[in-house]
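Fold and geometry: a report
Below, each chain spelled out in residue letters.
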Amino acid sequence: MTILSVCATPVFSQAVPAVTSAARVDKLLSQMTLEEKLTLVHGTAEDRSVSQGQAGFLGGIPRLNIPGLRFADGPPGALTRHPAQAPTATMGVAATFSRKAAEDNGIVIGSEDRALGIDVSLQPFVNMDRDLMFDRGYNTFGEDPFLTSEMAVAEVKGIQSQHVMAQIKHYVAYDSEGSDIYVDD
């Protein structure tokens, strides 16, 4: 559960007391139209002239000073239409067994996201790799749950240190090209 608590709140927002944040959210929601609320749930297409070609976009609500959010896919790195660094594959980072290397990798990813105007980095990929033929196996930290959790926490800290939110993805049962995955007890 440590992984979830680390990425649930971006580092730069932790100074705001939870009560104040909840009250502020309630106030903003009461001022929003249904259409504005749906914009924040469904997302929208960003104007092509400014789009980074990223994985997703939430337009925000300008009249209430709610900024839009750009989501970039990964791993590894920031996947947009702009050239980006090609950091070490996730499994390569895990092979170092170094929390520091994972955090440094996150710093590189987060700084590149920030430079590209990305607000949310859709990584790390935390599912266990259990199929050697899985095309995206290199995007995982491997098959050890303890190593995966240690590396993921460190990478999230690195990404968030750059004032970019990290969204952990692919928790379970995404470890093969099959579409009919059965997970037993």
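Shown above is the structure to which this text applies.
Let me sum up the structure you'll find in this document. None of the values given here were measured: they were computed from a predicted structure.

1. Some details on the side chain of threonine 140
Within the secondary structure, threonine 140 sits in the loop between strand S3 (120–122) and helix H6 (145–160). Threonine 140 gets classed as buried once you look at its relative accessible area, which sits at 1%. At a separation of 3.1 Å, a polar atom in the side chain of threonine 140 contacts the main-chain amide nitrogen of glycine 142. Apart from residues no more than four positions distant in its own chain, threonine 140 is found in contact with Thr90, Met91, Phe125, Asn127 and Asp129.

2. Digging into the environment of glutamate 103
Take glutamate 103: it is sitting in helix H5 (residues 99–115). Among the residues examined, glutamate 103 registers a relative accessible area of 30% and is labelled partly exposed. As for glutamate 103 and valine 93, which are separated by ten residues in sequence, their C-alpha atoms are 9.7 Å apart. Among all residues touching glutamate 103, those that are not within four sequence positions of it are Ala154, Glu155, Lys157 and Gly158.

3. As for the environment of alanine 101
Mapped onto the secondary structure, alanine 101 falls in helix H5. For the pair alanine 101 and glycine 158, spaced 57 residues apart in the sequence, the C-alpha separation amounts to 9.7 Å. Residues in contact with alanine 101, not counting those within four places in the same chain, are Val93 and Thr96.

4. Considerations on the sheet that holds strand S2 (residues 69–73)
What the four strands build is an open sheet, ordered S1-S2-S3-S4; its pairing is mixed. In this open sheet, the two strands that pair with only one neighbour each are strand S1 (56–58) and strand S4 (165–166). Across three bridges, the pairing between S1 and S2 is antiparallel. In the sheet register, leucine 58 faces S2, and the bridge partner there is leucine 69.

About the thresholds
- Residues numbered from 1 in each chain as written.
- Predicted model: local features only at pLDDT ≥ 70, side-chain atom pairs only at ≥ 80, totals over all residues.
- Heavy atoms only, no water.
- Helix = DSSP H or I, 4+ residues; strand = E, 2+ residues; numbered from the N terminus.
- Buried < 20%, exposed > 50% of the residue type's maximum accessible area, 1.4 Å probe, protein only.
- Polar contact = N/O pair within 3.5 Å; in protein donor to acceptor, adjacent residues only side chain to side chain.
- Contact = heavy atoms within 4.5 Å.
- Pairing = 2+ DSSP bridges.

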